[in-house]
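Here's the letter readout for the chains.
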Amino acid sequence: MKDNNRGYGLHFSDKIENYEKALKIFNSMYMMAKRMVQKNEKYKDISFRIGLSNIDSNSAKICYNKNAKKGKPKKYIIGKEVGWHIHLYAFNIFDNKVMASSFVQELKEKNQNKWYKIDKSPNNDIKNALNYIKKQSIKCQDFGKYFNSQK
């Protein structure tokens, strides 16, 4: 039986007290992962989404503040608040699960193993995992060939 796991998710385990500290950690994690993809040839096909959240995923609901102004309405998320946490989901658009798992392991080691709960996702769950992060994240960043081809 073929193993179809192409995506790996991570959750940041440190207890983050406030938004400013969480945002600082989020930005440094994003830049670290982005540099890993750009500088290491074996990770060139890796794409990832990283999200910052303080909402429990089971109760998260996206709402938009619509007003008379032009442009996209402001997005806000309602639900049960929990501590600030960071989600990262890395995957390969080609069928090489080894690269995605080694990328996730290297990122985990660079952050002194402060990540926990490495989740594996089958091929058909990549969009579900990306939507899961987007659904509950206040701030969300994407990087990689997958997202460039979607624009």
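Residues numbered from 1 in each chain as written. Predicted model: local features only at pLDDT ≥ 70, side-chain atom pairs only at ≥ 80, totals over all residues. Heavy atoms only, no water.

Draft legend 1. Representation of the overall build of the protein in the model. From N to C terminus, the protein includes four helices and seven strands. Along the protein, from the amino end to the carboxyl end, the secondary structure elements read β-α-β-β-β-β-α-β-α-β-α. Counted over contacts in the protein with a minimum sequence separation of 6, partners at least 24 positions apart contribute 80%. As displayed, the protein has an accessible area near 9100 Å², and 48% of this comes from carbon and sulfur atoms. (Helix = DSSP H or I, 4+ residues; strand = E, 2+ residues; numbered from the N terminus. Contact = heavy atoms within 4.5 Å. Areas by Shrake-Rupley, 256 points an atom, 1.4 Å probe, with all protein chains shown as cover.)

Draft legend 2. Expanded view of helix 1 (residues 19-39). The terminal C-alpha atoms of helix 1 lie 30 Å apart, and with 21 residues this matches the ideal 30 Å at 1.5 Å per residue to within 8%. Three or more residues of helix 1 are buried, namely A22, I25, F26, M29, Y30, A33, M36 and V37. End-on, the buried residues of helix 1 take up no more than an arc of 135 degrees, which puts them together on one face. Of the exposed residues in helix 1, those oriented more than 90 degrees away from the buried face are E20, K24 and K39. (Expected span 1.5 Å × (residues − 1). Buried < 20%, exposed > 50% of the residue type's maximum accessible area, 1.4 Å probe, protein only. Arc of directions from axis to C-beta.)

Draft legend 3. Structural context of helix 3 (residues 126-136). Inspection of helix 3 places I126, A129, L130, I133 and Q136 among the buried residues, and these make up the whole buried set. Considered in projection along helix 3, the buried side chains sweep an arc of 155 degrees and stay on one side of the axis.

Draft legend 4. Here's a closer look at the packing of aromatic side chains. Across all of its chains, the model carries seven aromatic pairs by this definition. Here the aromatic rings of F48 and F143 are separated by 5.8 Å at their centres, their planes lie at 40 degrees, and the arrangement is tilted. Remark: F143 occurs in strand 7 (residues 139-143) and F48 occurs in strand 2 (residues 46-55); sequence separation between them is 95 residues. (Phe/Tyr/Trp six-rings, centres within 6.5 Å; stacked < 30°, edge-to-face > 60°.)

Draft legend 5. Fine view of the pattern of salt bridges. Counted according to the given criterion, the structure contains four salt bridges. One salt bridge in this structure joins D45 and K44, with 3.5 Å as the shortest N-O distance. Exposure remark for D45: the relative accessible area of 9% places this residue in the buried category. When its relative accessible area of 41% is taken as the criterion, K44 is described as partly exposed. Through salt bridges with shared partners, a single network forms among K44, D45 and K145. (Salt bridge = Lys/Arg side-chain N within 4 Å of Asp/Glu carboxyl O.)

Draft legend 6. Structural detail: the environment of F26. Tracing the chain through its elements places F26 in helix 1. As for F26 and L88, which are separated by 62 residues in sequence, their C-alpha atoms are 9.9 Å apart. Residue contacts for F26: discarding those within four places in its chain leaves I50, G51, L52, I86, K139, C140 and Q141.

Draft legend 7. Expanded view of the side chain of H85. Inspection of the secondary structure assignment puts H85 in strand 5 (residues 81-92). The class for H85 is buried, based on a relative accessible area of 15%. A polar contact of 2.9 Å, which involves the side chain of H85, links it to the backbone oxygen of G83. Aside from chain neighbours lying at most four places away, what touches H85 is F12, G51, L52, S53, N54, I55 and Q136. (Polar contact = N/O pair within 3.5 Å; in protein donor to acceptor, adjacent residues only side chain to side chain.)

Draft legend 8. Looking closely at the confidence of the model for the protein. Taken residue by residue, the protein gives an average pLDDT of 78. The fraction at 70 or more is 81%. Counted against residues more than four places away or in other chains, residues 1-5, with its pLDDT under 50, gives nine contacts. (pLDDT = per-residue confidence, 0-100.)

Draft legend 9. Just the nonpolar core, in detail. Core analysis: the largest hydrophobic core is formed by 27 residues, its most contacted members being I46, F48, I50, I86, L88 and F103. Elements supplying a minimum of two residues to this core: strand 1 (5-12), helix 1, strand 2, strand 5 and helix 2 (97-110). Residues Y89, A129, I133 and Y146 belong to the second largest nonpolar core, which totals eight residues. (Core = buried A, V, L, I, M, F, W, Y, C linked by side-chain atoms within 4.5 Å.)

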